[in-house]
Amino acid sequence: MIRADHTVDTDRRVALVDLLDRVLAGGVVITGDVKLAIADVDLVQISLRALISSISTLYPPVGSAPRDVLEPADD
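Position of Ser54 among the secondary structure elements: in the loop between β2 (41–52) and α2 (55–58). Taking the relative accessible area as the measure of exposure, Ser54 reaches 19% and is therefore buried. A C-alpha to C-alpha distance of 6.5 Å links Ser54 and Ala25, two positions 29 residues apart in sequence.

Put into structure tokens, the structure is as follows:
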């Protein structure tokens, strides 16, 4: 009997917490359209847009320096 090796590359594995942290740090926009039609007649059309981000990303604290000022540039 041959045993299959089910190892996962640990470099590619991303935890849900890490993914959520990346999304909230940068933000993401989700868009979609819903259309209700009967016999090619549009009855209802709904356009959806959602912005998901952390409050600190959208509105940095007053008097704080931007991140690029605090971190030295890699030359």
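Sheet analysis places strand β1 (residues 28–38) next to β2, joined by eleven bridges and oriented antiparallel. Each residue of the ladder has a partner; that of Lys35, found in β2, is Gln45. Where β1 hands over to β2, the hairpin turn is made up of two residues, of which Ala39 adopts a positive phi near 55 degrees.

This part covers the pattern of salt bridges. Overall, the coordinates contain one salt bridge when judged by the stated rule. Residues Asp42 and Lys35 are paired through a salt bridge, measuring 3.9 Å at the closest nitrogen-oxygen approach. Judged by relative accessible area, Lys35 falls into the exposed class, the value being 53%.

Definitions and cut-offs
Residues numbered from 1 in each chain as written. Predicted model: local features only at pLDDT ≥ 70, side-chain atom pairs only at ≥ 80, totals over all residues. Heavy atoms only, no water. Helix = DSSP H or I, 4+ residues; strand = E, 2+ residues; numbered from the N terminus. Buried < 20%, exposed > 50% of the residue type's maximum accessible area, 1.4 Å probe, protein only. Pairing = 2+ DSSP bridges. Salt bridge = Lys/Arg side-chain N within 4 Å of Asp/Glu carboxyl O.

Read these as geometric descriptors, not functional statements.
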